[in-house]
Amino acid sequence: MARPREFEPEEALDKAMRQFWTKGYHDTSIRDLVEATGVNYYGLYGVFENKHGLFLAALDRYRDTVTAEILAQLKQPGPLTDVITKTYEHLLNIGKTRCGPIGCLMCNTAVELASEDPAAASKVHANMAQLRKGFRAKLTEAQQSGELAVERDVGALAEFLTTTVYSLALLLRSGCDKAYVRRHIRTAVSLLD
C-alpha cells in the first residue's frame, strides 16, 4: 500500500512558483526548492518527477492564479481606458517582495529559457495567448458598445496591450521607479483614445 502524501502539492507548488519567480530556473537549486516548500527531495520528485517538471507545473500554476487574476481585472465594468489602467496598475503590486519587485514569471522565463527550452517557451506562448484573448474580449465589448471605434483593429490592439504587460514586468524587475512605469501605462492606454 502506498504511503499517503505528507504535504499538499498545490501549497508546495505555490511556494516553488514563488522561488522560481524570484530566482529564475537556473539559479534555483533543488536545495532552494526543498527549503522554500518544506518538502524533501523525494516528496517533490515523487509528484513532479524532477526540477524541470516542477518548473513547468509552476508555470501552469502561475497562469491559473496570477494570469487569471489579471484577466479578472479586465472583466471589471467601467470605461475601457479606466479598466485597462486599473489592470496595469494591479500589475505593479503582483510581483512585490521584501527585496523589491520580481516582475512576471512568464516574462522572466521568456528571457531566461525560451530559446533553449521548447516546453517552457510553449507555456509562455500559451500565457500570452490567454492574455491576448482577454484583452481582445474587452476591446470587442468596447467596440460593440460604441466606446471604441469600429475601424480599430482589436486583434492588433490586443497584441499591443499584451506586450505591454510584459514590458511593464521588465520595467518593474529592472528597478525602474513607479513614476516612470506609470508614464508608460498612460502612454499605452492613450493609444486607445
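Student: Explain helix 1 (residues 9-23) here, please?
Tutor: Because each turn of an α-helix spans 3.6 residues, side chains separated by three or four positions in sequence point in the same direction. Between the first and last C-alpha of helix 1 there are 21 Å, a value that for 15 residues agrees with the 21 Å anticipated at 1.5 Å per step. If you check which residues of helix 1 are buried, you get Pro 9, Ala 12, Leu 13, Ala 16, Met 17, Gln 19, Phe 20 and Trp 21. At the exit of helix 1 stands Gly 24, carrying a positive phi of roughly 90 degrees.

Student: So what exactly am I meant to see when it comes to the environment of Ala 57 here?
Tutor: The topology assignment puts Ala 57 in helix 4 (residues 51-74). On the basis of relative accessibility, which here comes to 17%, the residue Ala 57 falls in the buried class. Along the chain, Ala 57 and Arg 136 lie 79 residues apart, while their C-alpha atoms are 27 Å from each other.

Student: Mind showing me how you'd approach the packing of aromatic side chains here?
Tutor: The geometry of an aromatic ring pair is captured by two quantities: the separation of the ring centres and the angle between the planes. Using the criterion set out here, one finds seven aromatic pairs in the structure. A centroid spacing of 5.1 Å and a plane angle of 90 degrees characterise the contact between Trp 21 and Tyr 62, whose relative ring orientation is edge-to-face. Pair noted here: Trp 21 is in helix 1 and Tyr 62 is in helix 4, with a separation of 41 residues, a long-range link. Both residues of the pair, Trp 21 and Tyr 62, count as buried. An aromatic cluster is built from Phe 20, Tyr 25 and Phe 55, whose rings are joined through pairwise contacts. If you follow Lys 51 out to its NZ or CZ, it ends over the ring of Tyr 25, 4.4 Å from the centre.

Student: Honestly, the environment of Leu 80 in this entry has me stumped. Any pointers?
Tutor: Its location among the elements puts Leu 80 in helix 5 (residues 80-94). Excluding its chain neighbours within four sequence positions, the residues that come into contact with Leu 80 are Lys 138, Leu 139, Ala 142, Glu 147, Leu 148 and Leu 192.

Student: Help me understand the packing of helix 5 against helix 8 (residues 154-173) in this model?
Tutor: Two numbers describe a pair of packed helices, the interaxial angle and the distance between the axes. Where helix 5 meets helix 8, the axes come as close as 10 Å, and the angle between the chain directions of the two elements is 30 degrees. When the interaxial angle is binned, helix 5 and helix 8 end up roughly parallel. As helix 5 packs across helix 8, the resulting crossing turns out to be right-handed. Packed against helix 5, whose contacting residues are Ile 84, Tyr 88, Leu 91 and Leu 92, the element helix 8 presents Leu 161, Thr 164, Val 165, Leu 168 and Leu 172 at the interface.

Student: Honestly, the nonpolar core in this entry has me stumped. Any pointers?
Tutor: In a soluble, globular protein the nonpolar side chains are often hidden away together inside. Ranked by size, the top nonpolar core spans 57 residues in total, and within it Phe 20, Ile 84, Tyr 88 and Leu 139 carry the most contacts. At the level of secondary structure, the elements contributing two or more residues to this core comprise helix 1, helix 3 (41-48), helix 4, helix 5, helix 6 (105-112), helix 7 (118-144), helix 8 and helix 9 (178-190). When residues of this core are assigned to their parent elements, the largest contribution, 11 residues, is made by helix 4. Ignoring sequence-local partners within four residues, the contact set of Leu 139 consists of Leu 80, Leu 148, Val 154, Leu 157, Ala 158, Leu 161 and Leu 192.

Calculation criteria
- Residue positions are given per chain, counting from 1 as you read along its sequence in written order.
- Only residues with pLDDT of 70 or above have their local features reported here, since the model is predicted, and side-chain atom pairs are shown and tallied only from 80 upward, although totals for entire chains, interfaces and linings are computed over all residues.
- Excluding hydrogens and water, the side-chain values take into account all heavy atoms of the structure.
- Helical segments are the DSSP runs of H or I of at least four residues, strand segments are the runs of E of at least two, and each set is numbered from the N terminus.
- Expected helix span is taken as 1.5 Å per residue step, with the number of steps being one fewer than the number of residues.
- The rule is simple: take the accessible area with a 1.4 Å probe, protein chains only, and divide by the maximum for that residue type; under 20% is buried, over 50% is exposed, in between is partly exposed.
- Ring pairs shown here join Phe, Tyr and Trp side chains whose ring centres sit within 6.5 Å, with only the six-membered ring taken for Trp; geometry is labelled stacked below 30 degrees between planes, edge-to-face above 60, and tilted in between.
- Working rule: Lys NZ or Arg CZ, within 6 Å of ring centre, within 35 degrees of ring normal, means a charge sits over the ring.
- By definition in these notes, contact holds between two residues if any of their heavy atoms fall within 4.5 Å.
- In this analysis, axes come from line fits to C-alpha atoms, helices being fitted only over the stretch in contact, and the angle between any two N-to-C directions falls in the range 0 to 180 degrees.
- The cut-offs work like this: below 35 degrees is roughly parallel, past 145 is roughly antiparallel, 65 to 115 is roughly perpendicular, and the gaps in between are oblique.
- Handedness of a crossing is defined here by the sense of rotation of the near helix relative to the far one, left-handed for an anticlockwise turn of less than a right angle and right-handed for a clockwise turn.
- To define a nonpolar core, start from buried Ala, Val, Leu, Ile, Met, Phe, Trp, Tyr and Cys residues and group those joined through side-chain atoms within 4.5 Å.

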